[in-house]
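Chain by chain, the residues:
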Amino acid sequence: RLGQLAARALESESARILKSGSANKRGLSKLLDATLREGHDMQTFGLGTAAALASRERYSRFTSSMHAVYDRMEASLDRSGSVPIALVWGRHGDHLRRAPALAE
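Residues numbered from 1 in each chain as written. Predicted model: local features only at pLDDT ≥ 70, side-chain atom pairs only at ≥ 80, totals over all residues. Heavy atoms only, no water.

**Thoughts on the overall build of the chain**
- From N to C terminus, the chain includes seven helices and zero strands.
- Reading the secondary structure of the chain in the N-to-C direction produces α-α-α-α-α-α-α.
- Across the 104 residues of the chain, 9% fall into the buried class.
- Nonlocal contacts in the chain, meaning residues at least 24 apart in sequence, comprise 38% of its contacts between residues at least 6 apart.
- When the accessible surface of the chain is totalled, it reaches about 8500 Å², and 59% of it is carbon and sulfur. (Helix = DSSP H or I, 4+ residues; strand = E, 2+ residues; numbered from the N terminus. Buried < 20%, exposed > 50% of the residue type's maximum accessible area, 1.4 Å probe, protein only. Contact = heavy atoms within 4.5 Å. Areas by Shrake-Rupley, 256 points an atom, 1.4 Å probe, with all protein chains shown as cover.)

**Thoughts on the packing of helix H5 (residues 56-79) against helix H6 (residues 83-96)**
- Interhelical geometry of H5 versus H6 gives an angle of 140 degrees and a closest axis separation of 9 Å. It follows from the interaxial angle that H5 and H6 lie oblique. Crossing hand, H5 versus H6: left-handed. Contact residues: Glu74, Leu77 and Asp78 in H5; Ile85, Trp89 and Leu96 in H6. (Axes fitted to C-alpha atoms, helices over the stretch in contact; angles between N-to-C directions. Parallel < 35°, antiparallel > 145°, perpendicular 65-115°, else oblique. Left-handed = near helix turned anticlockwise from the far one by under 90°.)

**Points about the layout of surface pockets**
- The space that makes up the largest pocket amounts to roughly 880 Å³.
- Surrounding the largest pocket, 22 residues form its lining, Leu32, Leu36, Tyr70, Leu96 and Arg98 being those nearest its centre.
- For the lining of the largest pocket, the elements supplying multiple residues, two or more each, are helix H3 (27-39), helix H4 (42-52), H5 and H6. (1 Å grid on protein atoms, 1.4 Å probe; cavity = no way out; pocket = protein on both sides within 12 Å on 5 of 7 lines; lining within 4 Å. Points joined across faces, edges and corners; volume = space filled by probe spheres on them.)

**So, the pattern of salt bridges**
- Under the criterion given, the structure shown has two salt bridges.
- Between Arg61 and Glu57 there is a salt bridge whose closest N-O contact spans 3.5 Å. Placement of both Arg61 and Glu57 in helix H5 is noted, with a separation of four residues, approximately one turn of the helix.
- Residue Arg61 is classed as partly exposed on the basis of its relative accessible area, which comes to 49%.
- The class for Glu57 is exposed, based on a relative accessible area of 58%.
- The partner of Arg97 in a salt bridge is Asp78, with the nearest N and O atoms 2.5 Å apart. A residue pair is termed long-range when its members are at least 10 positions apart, and Arg97 in the loop between H6 and helix H7 (99-103) and Asp78 in helix H5 qualify at 19 residues. (Salt bridge = Lys/Arg side-chain N within 4 Å of Asp/Glu carboxyl O.)

**Details of the confidence of the model for the chain**
- Of all residues in the chain, 82% attain a pLDDT of 70 or more, and the chain-wide mean is 82.
- Confidence, read as mean pLDDT per element, is least for helix H1 (residues 2-10) in the chain (60) and greatest for H6 (92). (pLDDT = per-residue confidence, 0-100.)

**A few points about H6**
- Between its first and last C-alpha atoms H6 spans 18 Å; for 14 residues at 1.5 Å apiece the expected length is 20 Å, and the two agree.
- Along H6, the largest kink reaches about 45 degrees and is centred on Gly90.
- Backbone nitrogen of Ile85 and a side-chain oxygen of the N-cap are separated by 3.3 Å at the start of H6; the cap is Ser82. (Expected span 1.5 Å × (residues − 1). Bend = angle between axes of the 7 residues up to and from the residue. Polar contact = N/O pair within 3.5 Å; in protein donor to acceptor, adjacent residues only side chain to side chain.)

The following block contains the structure:
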């Protein structure tokens, strides 16, 4: 019991949120989360994210580059002739779009 309490005390707040939160544990969010974990080295991903947030200049550069990525990807999804993509993007696109928010 004491070991569990010590381990919990050392656990980061973000780790506790990921373990206890339910938003990424159902539906499309669960599938996207699994894809992220399978396709990325999470330690490297975390370090890159921390570096992008280290200063306003870095964050601004990161945000600008992400706007370009999301803008092109979303335009491609809008134009896709694929039935499965049209079904998913048509249903979830409004919730998944990031380009307009990144442009602000």
